[in-house]
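Each chain, letter by letter, is given below.
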Amino acid sequence: MTETSTPAIEFRDVSLSFDNRVLLDAISFVVPRGEMRIIIGPSNCGKSTVLRLAIGLLKPDDGQIFLNGQEVSAMREEDLFQTRQRLGVVLQTDALFSMTVAENIAYRLPQLGLDEEAIEAEVRRVLNLVGLDDAGDLLPEALSGGMSRRAAIARAIAGSPEVMLYDSPCSGLDPIISRRLMQEIIRQRDISGVSSLYVTQNLDEVRYLCSHFYGSSDDHEPVLRKEDDELCLTNTRVLMLKDAKIIFNREDEFLWNSDNREIRDFIS
């Protein structure tokens, strides 16, 4: 299998239980390179658990998990550390380092091959994106909860890592910042070829991410467009978890029109 055909993320018959409660029961799915999977489902159905398994914070009871062809479910901790350095991760906890916001954002950019000038430009770009233009010199203890969340998001998306994992990234953000963030996620997907898993309970986010894309304008500049009757996005699918199983894994059009009672109950 060539590098380009190797999935960015792959779960093969992954199972996990805690205290005799089955969280995931032999789930399998693939995220091809440059594509997005949006994970939805009821509370406590295992959505966040999927992300923690993907980066090796949890180990499955059975099954295999691969990132870019490497089996993270069998990696030693020191090897996992190197693998995580190449990912962008937004978890529910911000976990900022004890350094300024700008230093947090710039922390791993040299590893991505950016020089000093490019790093400064990228830090300014993502600070503006999350509405923290004037907060670059602040330390984590000086940030409000919302500012801390935005700083963590900026750190994760800086440099457009090849693989991104998002756990409810828009939760607690105001609508303007949420929209900016989703547009950046779409830009990374369509222009930079970033592969991603995106966990959310917000169906408006699902609709937006599944219906917008970056295309070329008449002067060949990227421009955000909306899906219409002549175009169906195929690089983004919705994956729904219920009772430890994947009960849906298709484009969003099939979700909104599903006859499945459990899906209808969730989206209504």
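Structure's up top.
Here we summarise the structure given alongside this text. (Residues numbered from 1 in each chain as written. Predicted model: local features only at pLDDT ≥ 70, side-chain atom pairs only at ≥ 80, totals over all residues. Heavy atoms only, no water.)

1. Considering the overall build of the chain
Inference 1: Along its length, the chain carries nine helices and twelve strands.
Inference 2: The principal-axis extents of the C-alpha atoms in the chain amount to approximately 50 × 50 × 40 Å.
Inference 3: Counting only residues that meet the buried cut, the chain has 49% of its 268 residues in that class.
Inference 4: Carbon and sulfur atoms provide 46% of the accessible area of the chain, an area that totals close to 13,200 Å².
Inference 5: Taken as two groups, the 29 positive and 44 negative side-chain charges of the chain have centres that lie 4 Å from each other. (Helix = DSSP H or I, 4+ residues; strand = E, 2+ residues; numbered from the N terminus. Buried < 20%, exposed > 50% of the residue type's maximum accessible area, 1.4 Å probe, protein only. Areas by Shrake-Rupley, 256 points an atom, 1.4 Å probe, with all protein chains shown as cover. Lys, Arg positive; Asp, Glu negative; His and termini not counted. Charge placed at Lys NZ, Arg CZ, Asp CG, Glu CD.)

2. A closer look at the pairing of strand β8 (residues 195-199)
Inference 1: Burial analysis of β8 places five of its five residues in the buried class, the great majority of the element.
Inference 2: Across the two faces of β8 the burial is the same, with S195, L197 and V199 and S196 and Y198 all buried.
Inference 3: A crossover connection joins strand β7 (residues 163-167) to the parallel β8 through helix α6 (residues 175-190); in handedness this β-α-β unit is right-handed. (Right-handed = clockwise from strand over helix to strand, strands pointing away.)

3. So, the sheet that holds strand β4 (residues 62-67)
Inference 1: On the basis of which strands lie adjacent, the open sheet formed by four strands has the order β2-β1-β4-β5 and antiparallel pairing. Edge positions in the sheet fall to β2 (21-31) and β5 (70-71), since each of these pairs with one other strand and no more.
Inference 2: By the bridge criterion, seven bridges tie strand β1 (residues 9-18) to β2 in an arrangement that is antiparallel. Paired with L16 across the two strands is L24, which belongs to β2. (Pairing = 2+ DSSP bridges.)

4. Overview of the state of the cysteines
Inference 1: Enumeration over the complete set of coordinates arrives at zero disulfides.
Inference 2: Looking at C170, it has no disulfide partner, and the nearest cysteine sulfur is the one in C210, 13 Å off.
Inference 3: C170 sits in the buried class, given a relative accessible area of 6%. (Disulfide = S-S within 2.5 Å.)

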